[in-house]
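Read off the chains here:
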Amino acid sequence: MPLSTRNNLATLVVGSVAVALVVLCGAAVPLRLLSSIFEELDRLVGYADASFRPPIATTSANEDDAALRPCDAIQGGGIVARILRGEQPFPTNCSRREEAPAGLRFRPGTLPLTSAETLQHCFVNATRYRHHGRRYGDVSRVAVSDDYRFAYVLVPKSASSTSRHYVQQYFNGTELMVKHSVLMDTDYLSLVSFVREPLNRFYSSYHEAYWRKLPFQSNHEVMDDRYAYIYDNMTKAAWATCYNAVRRQQNPQLCEGVDESPLRNFERFVAEYDGIQPWDVHFMLQTLCFTDGSGTVLPMANLYDATDAEAGWRDVATRVGATAFLNKGKEERDRANSRTLFNASSVSTATQRKICQLMALDYCCLNLKLPEVCRGAIGGEEDSVFCTVERNTENETKIHHWAERTNIGVTRMGNEPRTIHGDNGGDAPAQNRTIHNRPDTVATLPIHLLDPSAGTSAVLSWEALAANWDRDATFEHIANTSQSAPLPALPLNHRIAIIIHCAPKMGSATLRTACRDTLETTCGVDTDRKVDPKGYNDPGELADLVRECNETHHFCQRRGLLKESTPPITGVTFLHLYPFRNYDEWTTSALKQPFDRDGERGCDHLRTLMDDCEDNHGELSFWKYPKTQMSDALPVAMQRINERREGHYVALYPFREIHSLLEMLSDEYRIPMMVGSNGTEHAHRPRNGTCNTAILDRFHECFTAGLTKLP
């Protein structure tokens, strides 16, 4: 049963003495009976969670707000709220278009909904924000009061210190790590927390993290080298004298102008900070504190205003009948010595607006109004934060912000989620601009470069990759021509299908075995070990497997992609993995394979093929080299993306890193590991001979010139 106000319940049933007695004397009534009575009252009067809402972030809808405006206009909060509640259908004429943003845009803080209500309609890209909230895995740190059946969800720099003290002192609570599955059970606990205006919270987070990482403190936290400059010109003496509100007042002349260096470093920090990987735990987005690892929103009963925690907890105490809190006197729990480095009023407008962009998810998903400085346009450039409501593949309407529509600097391929999100305007800076259009040509298709050993993820176009991929190219050489970028993000409610495109002399035997075992384990597909895994040689069969095997995330393929004629596969995003090996190194290894298997007889067979320039050998075959495979497959990817509206990403990786890569992807997308990807299928084969190198020379004469001519 939701957390309820027993006093309010008594008011609702004035005239019903028996029920009032139960409410007021609940301790003497069996819990099951009491719960049943409360649930029935909730049903009759629509009480439930709606009764546990504060007046934070709510806006009254007027007649103009309730009217649908043109799709590319800023919508009023009233119409968006009606669509979110299902009271009005999502307008079909506002579907995704190339020439205009998809969905309906609206300003943060304009919905006639509370923060808790708005949060329930929020889409959170768990992949993009994987570094927010993953500190504890599948659990969250909460303060639980079993006596009053609620849990307070901790949010750093949002009245968390005060709230933890109150729950322990006055509600007999205990701080615990609780699984998300337990927190999702609203019959067991009701969840409450506090939220804070994001711009002010960002300042506070910076000051807190700065203090914790001071290099001259004996117990300072580890400092990220990327931001070491923020401590330039900071000495222990200066900190003790000036960076303290009380001492600053005591020494006004001594500390005159002392804010300049910390403020300058702060503005540099904001300019370089991307908000994706928090510098410190206090920089975690508030919205992410209310989600599980998959991006599912916790069923928060109430979110109070952190600027008045005393009033919020008094409301909780009134509702649950916590007399210990109601009878206490007012407490002052502010830190005696402020950790404020600079005056926020001195921060430049550009820096404040950048912070609002970084905090767009909180502004949109918690329905918090933008500060005046972050509204509207500056110099004719519309860089304000907007939210968008879109419709996902399950016909749900959701909210998210502009940054989640694409990874910054990376063109998204395929379908994107239709949800509520934030948008920073059509003329945003290039590094922050949402890319709405799909790639125009195969040449512009983005190829991700994934290197687990180096811990890097980058991207470049197929045109750029093909131009730099000659017989001398190394993975490091190609990576140097790319730009750093996050891993591809999954649309809402999509399953990832990782298609491993196998190539000879690049671990293909091990991968085929692993795919057979994975299909048997996850989908019950029993295949003889002497036979290639199902779908390996047949794109149509592979498509059927992806559709039917909902618990399978790894598939192997020999050549191609999917058939152009295959009907769309919905609810799935494809990640195609191609191995990289230096061309000459690969041909040398492939030349050895016939000798390992059949000695000179195997070499004679290969020599015969090369004499006629026949590209039909099992190992040394030009069409089996990954660049050739990709050149054949990418036009099909374009067709599937643009005509079938599927999501396809393509990635290149160092072939020896496949197991580490799959581990990284398993952690990234929260899927099981592939069975047996670290095997050594051919370890028993002899390695003491090879075929005559004249055969390899002939291979190069026949085929190698085509390597740099591939489209």
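So, here is what we can say about the structure in this document.

Each helix and strand in the protein was counted, giving 24 helices and 17 strands. For the protein, restricting intrachain contacts to residue pairs at least 6 apart in sequence, the fraction spanning at least 24 positions comes to 75%. For the protein, the computed accessible surface area is about 30400 Å², with 48% contributed by carbon and sulfur atoms.

The subject of this paragraph is the packing of aromatic side chains. Tallied over the entire structure, the rule returns 37 aromatic pairs. Taking 5.9 Å as the distance between ring centres and 40 degrees as the angle between the ring planes, the aromatic pair formed by Y206 and W279 counts as tilted. Linking Y206 in helix α8 (residues 198-212) with W279 in the loop between α11 (260-272) and β7 (300-305), this pair joins segments that are 73 residues apart in sequence. No difference in accessibility class separates Y206 from W279, as the two residues are buried. Seen from their ring centres, W469 and Y625 are 5.7 Å apart, and the 65 degrees between their planes marks the pair as edge-to-face. A residue pair is termed long-range when its members are at least 10 positions apart, and W469 in the loop between α16 (462-468) and α17 (475-479) and Y625 in the loop between α21 (600-611) and α22 (626-642) qualify at 156 residues. Site record: aromatic cluster; members linked through ring pairs are F202, Y203, Y206, Y210, Y231, F266, F269, Y273, W279, F283 and F342. We note K213 situated over the ring of W279; from NZ or CZ to the ring centre the distance is 5.4 Å. The residue whose ring lies beneath R559 is W623, and the NZ or CZ to ring-centre distance is 4.0 Å.

So, about helix α23 (residues 658-669). Taking 1.5 Å per residue as the helical rise, α23 with its twelve residues ought to reach 16 Å, and the 16 Å between its terminal C-alpha atoms agrees with that figure. Of the surrounding secondary structure, the elements contacted by the buried residues of α23 are β11 (446-451), β14 (495-501), α18 (508-523), β15 (554-557), β16 (572-580) and β17 (647-654). Looking one or two places after α23, you find R670, whose phi comes out positive at around 55 degrees.

We now examine the nonpolar core. Core analysis: the biggest nonpolar cluster contains 62 residues, and F202, Y206, F269 and F290 have the highest contact counts within it. At six residues, α8 tops the list of elements feeding residues into this core. Among residues more than four places away in sequence, those in contact with Y206 are I230, N265, F266, F269, W279, F283, L341 and F342. One finds L606, M610, V636 and L696 within the second-largest nonpolar core, a separate group that totals 59 residues.

Calculation notes
- Residues numbered from 1 in each chain as written.
- Predicted model: local features only at pLDDT ≥ 70, side-chain atom pairs only at ≥ 80, totals over all residues.
- Heavy atoms only, no water.
- Helix = DSSP H or I, 4+ residues; strand = E, 2+ residues; numbered from the N terminus.
- Contact = heavy atoms within 4.5 Å.
- Areas by Shrake-Rupley, 256 points an atom, 1.4 Å probe, with all protein chains shown as cover.
- Phe/Tyr/Trp six-rings, centres within 6.5 Å; stacked < 30°, edge-to-face > 60°.
- Buried < 20%, exposed > 50% of the residue type's maximum accessible area, 1.4 Å probe, protein only.
- Lys NZ or Arg CZ within 6 Å of the ring centre and 35° of its normal.
- Expected span 1.5 Å × (residues − 1).
- Core = buried A, V, L, I, M, F, W, Y, C linked by side-chain atoms within 4.5 Å.

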